[in-house]
Amino acid sequence: MSRQTISHEEGAIYEFTPDLDPVATVEPGAKLTIETRDSLDGAVQSDEDVIDTIPDEVNAATGPISIDGATPGDVLAVEIEDARVSEDRGRVITIDGFGLLDGHESIEAPRTTVTPVREADPEGGPGTASGDDGAASDGGDAIVFDGHEVPIDPCIGTIGVAPADEPYTTLVPHDHGGNLDTTDMSAGNTAYFPVFQEGAMLAMGDSKAAMADGEMCGTGSEIATDIDITVDVIAAEDVAITLDRPLVETPDAWKTIASAETMEEACELANLDAIELLAAEHGFSETKAYKFSSLVGGLEISQVVDPLVTVRNSIPKAYCSGPF
């Protein structure tokens, strides 16, 4: 099957709403390349470019894309096959009023550190950082932060579908996905989203060349990317549980993902979802699944800086074969 390219130039949203209009409609099983722009819309190109406050429009998400036949109650599967940086630099910033250590006396904001992409040397040497001519780099294997190399490992910061009832900006994570800032939204993994509206209305962007769990300063290395995905629809009757929130499958684990106002509440939701998976898998009561989750699960922090915090609960595949 040929691969269709959908670019941010065709359409990008800054708000997930229940009544989105698609920029493209595809069939289940479609192979797509999604072109995204950096979360700051190109406003930061050097260390001298700073962002004083969070823009009204941030985290442009390419799309939305309607998947033919997806109906409420179904599950949208997004297999992330590859993610490549498509420009020669990322950027890490602090913004006044944003970030885990916002307001701490020793933390300066606004500040910017541009992270050039260091291209792989075909001769096996250390390579050299890209210049400032704006040329795209497709051979980069690291970004450079103040002289320190960090391996490029792209992840999708904002990815989701049209929500059930309320609109959410692309800065906000919720049950529809959105600004999850989860490092597992990366190549080799499959993301699953509950379908709330006809066509699902998938959109994604806000990619990072590299980011640590937590996204402490409020950003990763924000960068434009090309993302290869395959989309599919899983009918409601073929799902062993009721999927209320995003779920991600890695080669080794199933990870429930939840966002809430507090870390404790997000952990509770992610644990409840993990319990449902374990109960369906093993025929456990909720209490027994709860006990089992305390042995085999594992809470992980996705991000602590967005309007809601996001966590995931990881269950190794040795204990859970998944709900599909």
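As a reminder, the structure under discussion sits directly above these lines.
### A word on the overall build of the chain
Item 1. In terms of regular secondary structure, the chain is built from two helices and 22 strands.
Item 2. Rg of the C-alpha trace for the chain: 19 Å, near the compact-globule value of 20 Å for 324 residues, within the 12% margin.
Item 3. Principal-axis analysis of the C-alpha atoms gives the chain an extent of 55 × 50 × 45 Å.
Item 4. Residues classed as buried in the chain amount to 53% of the 324 residues present.
Item 5. When contacts within the chain are restricted to residue pairs at least 6 apart in sequence, long-range pairs at least 24 apart make up 77% of them.
Item 6. With an accessible surface of roughly 13900 Å², the chain has 47% of that area assigned to carbon and sulfur atoms.
Item 7. Each charge class in the chain can be summarised by its mean position, and for the 15 positive and 64 negative side chains these summaries are 6 Å apart.

### Overview of the side chain of Thr33
Item 1. With respect to the secondary-structure elements, Thr33 resides in strand E5 (residues 31–36).
Item 2. Given the relative accessible area of 10%, Thr33 is considered buried.
Item 3. Among the polar contacts listed, one links the side chain of Thr33 to the side chain of Asp228, at a separation of 2.7 Å.
Item 4. If we skip the residues at most four places from it in the chain, Thr33 touches Arg3, Gln4, Thr5, Ile6, Arg84, Asp226, Ile227 and Asp228.

### Looking at helix H2 (residues 286–296)
Item 1. The set of residues buried in H2 consists of Ala289, Phe292, Ser293 and Val296. Projected down its long axis, H2 shows its buried positions confined to an angular sector of 110°, all on one face. Looking at H2, the residues exposed on the side facing more than 90 degrees away from the buried face are Lys291, Ser294 and Leu295.
Item 2. Among the structural elements, helix H1 (263–282) and strand E22 (309–316) are those in contact with the buried residues of H2.

### Observations regarding a nonpolar patch on the surface
Item 1. Taken together, the side chains of Leu100, Leu101, Ile107 and Met216 make up a nonpolar region of the molecular surface, amounting to roughly 340 Å² of accessible area.
Item 2. Its location among the elements puts Leu101 in the loop between strand E8 (89–94) and strand E9 (111–119).

### Topic: the pattern of salt bridges
Charged atoms that come close allow side chains of opposite charge to pair.
Item 1. Tallying each qualifying case throughout the model produces 21 salt bridges.
Item 2. For the salt bridge of Asp88 with Arg89, the shortest nitrogen-to-oxygen distance reads 2.8 Å.
Item 3. By relative accessible area, which is 7% here, Arg89 ends up buried.
Item 4. With a closest N to O distance of 2.8 Å, Lys317 and Glu249 form a salt bridge. Taken together, the residues span a long stretch of sequence, with Lys317 in the segment after E22 and Glu249 in strand E19 (residues 247–249) at a distance of 68 residues.
Item 5. The buried category is assigned to Glu249, whose relative accessible area is 18%.

### As for the packing of aromatic side chains
Item 1. Under the criterion given, the structure shown has five aromatic pairs.
Item 2. Each ring, one from Phe284 and one from Phe292, has its centre 5.5 Å from the other, and the planes form 80°; the classification is edge-to-face.
Item 3. Residue Phe292 is classed as buried on the basis of its relative accessible area of 18%.
Item 4. A centroid spacing of 5.7 Å and a plane angle of 85° characterise the contact between Phe292 and Tyr319, whose relative ring orientation is edge-to-face. Of the two residues, Phe292 is situated in helix H2 and Tyr319 in the segment after E22; the sequence distance between them amounts to 27 residues.

### Some thoughts on the sheet that holds strand E16 (residues 190–194)
Item 1. Read from one edge of the open sheet, nine strands run E1-E5-E18-E7-E16-E19-E20-E22-E21, paired in mixed fashion. One side of each edge strand has no neighbouring strand; the edge strands of this open sheet are strand E1 (3–7) and strand E21 (299–303). On average, adjacent strands in this sheet sit at an angle of 30° to one another, irrespective of strand direction.

### A closer look at the state of the cysteines
Item 1. Summed over all chains, the structure comprises zero disulfides.
Item 2. Here Cys217 is not cross-linked by a disulfide; its sulfur's nearest cysteine counterpart is in Cys155, at 13 Å.
Item 3. The partly exposed category is assigned to Cys217, whose relative accessible area is 28%.
Item 4. Summary of cysteine pairing: Cys267 is not part of a disulfide, and the nearest cysteine sulfur, belonging to Cys320, is at 19 Å.
Item 5. Of the residues examined, Cys267 reaches a relative accessible area of 19% and is grouped as buried.

### Section: the side chain of Ser39
Item 1. With respect to the helices, strands and loops of the structure, Ser39 is situated in the loop between E5 and strand E6 (61–67).
Item 2. Given the relative accessible area of 4%, Ser39 is considered buried.
Item 3. A distance of 2.6 Å separates polar atoms of two side chains, one belonging to Ser39 and the other to Glu222.
Item 4. Setting aside its immediate chain neighbours within four residues, Ser39 contacts Val58, Asn59, Asp206 and Glu222.

Rules used throughout
Residues numbered from 1 in each chain as written. Predicted model: local features only at pLDDT ≥ 70, side-chain atom pairs only at ≥ 80, totals over all residues. Heavy atoms only, no water. Helix = DSSP H or I, 4+ residues; strand = E, 2+ residues; numbered from the N terminus. Rg over C-alpha atoms; globule rule 2.2 N^0.38 Å. Buried < 20%, exposed > 50% of the residue type's maximum accessible area, 1.4 Å probe, protein only. Contact = heavy atoms within 4.5 Å. Areas by Shrake-Rupley, 256 points an atom, 1.4 Å probe, with all protein chains shown as cover. Lys, Arg positive; Asp, Glu negative; His and termini not counted. Charge placed at Lys NZ, Arg CZ, Asp CG, Glu CD. Polar contact = N/O pair within 3.5 Å; in protein donor to acceptor, adjacent residues only side chain to side chain. Arc of directions from axis to C-beta. Patch = residues over 30% accessible without salt bridge, like charges linked within 9 Å, V, L, I, M, F, W, Y side chains within 5 Å. Salt bridge = Lys/Arg side-chain N within 4 Å of Asp/Glu carboxyl O. Phe/Tyr/Trp six-rings, centres within 6.5 Å; stacked < 30°, edge-to-face > 60°. Pairing = 2+ DSSP bridges. Axes fitted to C-alpha atoms, helices over the stretch in contact; angles between N-to-C directions. Disulfide = S-S within 2.5 Å.

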